[in-house]
Every structure is written in structure tokens, then in C-alpha cells.
Amino acid sequence: MSAIAGIYRFGHESVYAEEGEKMMQTLQKYPADRVCAWCEGSIFLGCHAQHVTPESVHERLPFYDELRDLAITADAIIDNRSELFERLAVEQGRRIDITDSELILLAYDKWGVDAAGYLIGDFAFVIWDAKKHRLYGARDMTGNRTLYTYQHDGGFAFSTVVAPLLVLSSLRKELHEPWLAEFLSIRAMQESVDIGTTAYKHINQLPPAHWFTMEEGKQSLCKYACLDEVEPLRLKTGGEYIEAFREVFSQAVTARLRTHRAVGAALSGGLDSGAVASFAAPALHLQHKPLHAYSYVPVQDFTDWTPPTLLANERSYIQSTARYVGNIRENYMDFEGKSPFSEIDIWLELMEAPYKYFENSFWIRGFYEKAQEHNVGVLLTGARGNFTVSWGPALDYYARQFRRLHWLQSWQGVRRYSKLTGSRMSHLLPVMLKKATSLDARTWWGRGKQSPIPSLIHPEFAKRMNVEDIPVLSGTGWRKNADQTRKEKFSNLAIANKNGVMATKLSLRYGLWERDPTGDSRVIRFCLSVPFEQYVQNGRDRALIRKAMRDHLPDDVRLNQRVRGVQPADWLHRMLPCWDTFMGELQVMCHDLRAAEYLNMDYIKTAMAKYRHPRPDQASDPNIRLFMHSLIVYRFLCGLN
């Protein structure tokens, strides 16, 4: 794992090594096992390396291959090494210790700009091809690593994080207003529609599943993979689907255990992280390693206000998984004294931009801190499992059955689902029928009530930036059927980008690599290829993983359809002791002209008058969440000056 940086001067002009050194100096805040640079003619390449895999311990980056006249700097873990060994005819004797960066170079030497499409894993890399006088770089299919770029008349620069680019003499640190307008307008977790841009004017980012070339000032950009384009999988029996699932999922988990250090996992009481742990822990036992599990629990004085179908404290389910699986060292953490408010400045420095996922910020970072203490090299998660391994919305499936005139099967399925979940038929049937009769969601979604979610953007700023013309913001065609929605989760690169930016920057800060087997490109394509009916059976939602985890997870976790964990339930409870301080800073913000140009101050002031003494059960209130989002943006704007 590495933070990489580089400069390419156009017109065969020599690069100023001092500028490269300034870029590398900004990376000193991250821990490093080795820091190296390579400079020749018009190219400077740097690498701030953290050793995670066994092969990386003796890896030299940047690496120059004299035979091929190629140089590379890389932030990469390649998971399909065995496949590449065969395709690239790597000698048996070299396979044990050949580095991932060398494999990438061999792939480029064989396939040229198409090389990225043959790689599976988490990566961002840049190659200097001296013979073609070409710079070539790529980012992995699911966007788990980042690569920022800056181009001006005299050259091109890149880096894993933004900070090295901001020290370049030709770059002015300025706000990119169109990006901010999209950030403020989009009500989902994604940050922007144009994922090639950033919060900084002149600084772009390479989108996930893309490669670029830069040749004498001319840049080419190409998307090399579409994860949602798959052929339907047709097997003979349900058992064959289960075995196929176990094979591809086991492959994804095992590939992510490749580290000479300890292995950790974020473990909740649900299916996704539980499934990851249930495959990882036995494999680690064979290596004489435990799996360090990190789990969040609310503070002791928190009273769970959530409805019976939700659970703020998942400790009992986590313990059940840990005891059943074995070889798991549990760590339950409540992070007393911390809150989203206390984390704002830390996260703004980490992310180098405003962020939206504040509710979980303190414990996500806390997991990394604890894992660092345990010398963890890989931190496993199941973050993308809801739309891959544990997908299977029952009511959507039975709505599809109803539309196909299979009315009896649809009614029977909903009845079984009612018994398994404890939900009343009188509640479930109207929901299913509404889904069944709303083929084009615009017939009811766009025509009904206005969304209760308030708008954070100033109306004049929104008008100036024309954000109302962007389809994803206007709500046109927003809701689709479950199949379409899931595919869009993987075709919408903004979602992958958001996840990757957070994982990369946290990983660099704490010297460990976040890895998600549920987001493996092979797992994604497999899960998208499986027929809907394998995911919902006899009232069981998420049926495929529930069956596949038999003998891997305890039944109280595996078959649980009655309660669901809701980890951010106590975020507002944590902020109540400092609420007056929080509101005081919002008052200052409301009188600051820097914020008044961008934020909807009239709405914020009106809402503040209504929430002087909030209750913990108002944690999901969109107005209170708006306060946090506005303050995060405000502090970022102050930091630009």
C-alpha cells in the first residue's frame, strides 16, 4: 500500500526535482516503511510505501525496468495473481515473491493500455513508457484506491491524495463551485454527479474503472469495465447456486488475507460482516493467526428509542457469531466522549473535502485506531454486501410475481414473509401492491408529496449553477424496480468513488488496508448473474446467503428476519452535552458571508429556532442532520482561506 505522486513535463523539458520533493514532503504525515523517488528527464515518480503484503516488504517503488524501458509507481494489491502467472507465463521460481507492481508492468508490456482490464484487486498506478513517451495510469474497477490529477500548460501531475498537488507553484487553491453545488443538492450519500471533478478547481480525479494516457499534453480517458453487464447464470438446482456462491465468495475472502501482519474485521450482528468473518477466521486459524474483530456498541447511558424491528446494540448477535465461528478476538467499543461534532476537523483533514456520512464517523475512525494498535495490515468489511451477497428484497420479488399474474404465488409468499418477520399482512400487502402497480415510478414518485428532506443549497446559488437541470437531483425516474436499482448501484461510479476515497485516506493515515470481499469484482458479477428467484424463497429474503451460510453462521444470525441493526442511533444522544456549543457555532455561521453565498441560511435559521432542545429519538430528523452537514461545509470553506 502506498501514497504515490508524480510530475510529467511537456515538450521534453526536464522536471524540477525540487517540486517533486515538495510533493513528497506533504506525505510525511502518513506512516511509511520506505520512501523513494525516481527522476529522469521530464518524469518524476514518488512512492510513500506502507508494507502490507509479504511481497511488498522487498518491493522497490518507483521501479524502473531497464529491459522494457518502463517505470512504475503503484498503490496496489492484485488479487488474481495465480491467473496472471499463467497468462503472463511467469516462471515458477519467480511466482513466490514477484511483486504486484512487477505483475502490473508485465501486464502493460503484454496488453498495453488494455492491461487494467486484466487486473483484479484494489489499485491505482502510473507507468512511464519511455519508448512511446507516454504516461499511462489506471484505477481499479470498484474505485477502492484514488488518483487525483492536475494539468496545466507546461505539464501534468498526479497523487493519491490532494495535498501534494496543492503545493505545486502553478496551482492556486480555489473552490470548485459546481462540485459544491452538486454536493449540497444531492440528498443521497454520493458527493457529485461529475465524478471526474473535486472540491478544488483545477484538480480532477480518475474515475473508477478508467485508465488514462498522457502524451505531450494530450490526455485520453477510457472506461475499461462495466460491472453491471453480465450474462444470466442458469444452473440446474438451488444447491449448485449455493456451491457456486461459496466458491467465488471464499476466493474473494482468501485473496484478502494476504498480509504478513495481523488481520482485522469490522463485525456487526448481521449477515454481511458475519459471512466475511466466518470464512476468514478458519482460514487464519490455519496460519496460526486470530481474526481481530471490531464492533461498535452504544454508550452505557443510551436508551434505545428505536422501534422493535431495529436494534441499536448488536452485541448479543455479534457474540453469537464469534462463538460459533471461533478464532475471533472480540473488541467492543463505545467511544465514550466522542461524537460526530468532535470529529469534524479530523475528518475534514482526512478527506480533504466536505463529507456526508457523519453519524458513524467517530467509530469508523476508532476501528482503524484500534486495528493499528494490533498491527493489523488488512481490515475486512462487508460494506457492499447489501447489493451483492445478501441482496434479496422479498416484497419486490413478490411484486414482480404479481405483475406476471402469478397472484396466488405472490400472496402465499407475502404470507410466509409475514410470519417470518412478524409484520402484519395488512401492512405488507399494500406495500407489495404499490410496488407491483408502479412500473414507472414517476407516476407516483414525482407526482406525490414534496420530499420532506430540506434543501441545504442557497436557491440563488442553485440557480446560478443550474443544478435543477441535473436528472439525479430533480428526481426524474428516481425509483425503479429492485433489479434496476441494484444494477445502478454498480453502474453509478459516484457511489464507488465515495467509498474508495474514504477507504484510501483512512488506510493511509493508519497504515492498514481496508478490504471488502463483498465488493470483489468477481463477487459482484456473480451475484448480478444469479436469477432473482434464488434470492427470495418461501418468504425468506436474502435466501441465497442464508442457505450458503448454513454451518458457517449460527441460526439466530443466519435466519434472523425480525430485527436489523441500526448503528447510528445514538449519534444525537452523544451530542446533547455540547449542543449549546454546536448551536453557537451555527449562529456564527449564519452571519458569515462566506457561507451565506452557498447555504440556505433562511431555512437553517428557521429550523434552529425549532430545535433548541432536541431529543435523542430525533436522530433521523432531516432538519437536525442538515445542521451537521451545513457546519461541515462551513468549516471546509473557512479552511480554504
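Because the structure is a prediction, the values reported are computed rather than measured. (Residues numbered from 1 in each chain as written. Predicted model: local features only at pLDDT ≥ 70, side-chain atom pairs only at ≥ 80, totals over all residues. Heavy atoms only, no water.)

Bringing the packing of helix α6 (residues 238-255) against helix α18 (residues 521-529) into the picture now. Interhelical geometry of α6 versus α18 gives an angle of 165 degrees and a closest axis separation of 9 Å. In this view, α6 runs roughly antiparallel relative to α18, as classed from their interaxial angle. Relative to α18, the crossing made by α6 is left-handed. On the side of α6, the interface is formed by Tyr241, Ala244, Phe245, Val248, Phe249, Gln251, Ala252 and Ala255, while α18 contributes Arg522, Val523 and Phe526. (Axes fitted to C-alpha atoms, helices over the stretch in contact; angles between N-to-C directions. Helix = DSSP H or I, 4+ residues; strand = E, 2+ residues; numbered from the N terminus. Parallel < 35°, antiparallel > 145°, perpendicular 65-115°, else oblique. Left-handed = near helix turned anticlockwise from the far one by under 90°. Contact = heavy atoms within 4.5 Å.)

Two side chains with opposite charge may pair up if their charged atoms get near one another. Tallied over the entire structure, the rule returns 39 salt bridges. Salt-bridge contacts for Arg68 lead to Asp65; the nearest nitrogen and oxygen are separated by 2.8 Å. Arg509 is the salt-bridge partner of Glu349, the closest N and O atoms lying 3.2 Å from each other. Pair noted here: Glu349 is in helix α9 (residues 340-351) and Arg509 is in helix α17 (residues 493-510), with a separation of 160 residues, a long-range link. In this structure, a network of salt bridges that share partners links the residues Asp79, Asp122, Arg256, Arg515, Asp520 and Arg522. (Salt bridge = Lys/Arg side-chain N within 4 Å of Asp/Glu carboxyl O.)

If you check helix α7 (residues 271-286), its first and last C-alpha atoms are 24 Å apart, about what 16 residues at 1.5 Å a residue would give, namely 22 Å. Within α7, burial applies to Leu271, Asp272, Ser273, Gly274, Ala275, Val276, Ala277, Ser278, Phe279, Ala280, Ala281 and Leu284. Backbone geometry just downstream of α7 places His288 in the positive-phi region, at approximately 60 degrees. (Expected span 1.5 Å × (residues − 1). Buried < 20%, exposed > 50% of the residue type's maximum accessible area, 1.4 Å probe, protein only.)

Right, let's talk about the packing of aromatic side chains for a bit. All chains considered together, the criterion is met by 35 aromatic pairs. These aromatic residues form a ring-pair network of at least three members: Tyr294, Tyr296, Phe335, Phe362, Trp363 and Phe367. Over the ring of Trp513 we find Arg145; its NZ or CZ atom is 3.9 Å from the centre of that ring. Across from the ring centre of Tyr332, 4.5 Å away, lies the NZ or CZ of Arg315, which sits over that ring. (Phe/Tyr/Trp six-rings, centres within 6.5 Å; stacked < 30°, edge-to-face > 60°. Lys NZ or Arg CZ within 6 Å of the ring centre and 35° of its normal.)

This brings us to the sheet that holds strand β14 (residues 291-296). Overall, parallel pairing links the five strands, which are arranged β16-β14-β13-β17-β18 in an open sheet. The open sheet terminates on both sides in strands that have one partner only, identified here as β16 (328-333) and β18 (513-515). Here the strands of the sheet are splayed against their neighbours by 25 degrees on average, with no regard to which way each runs. For strand β13 (residues 262-266) and β14, the ladder comprises four bridges, and the chain directions are parallel. If you follow Val263 over to β14, its bridge partner there is Leu291. Helix-sheet contacts for helix α8 (residues 315-325) involve β14 and β16, and the interaxial angle to β16 is about 165 degrees. (Pairing = 2+ DSSP bridges.)

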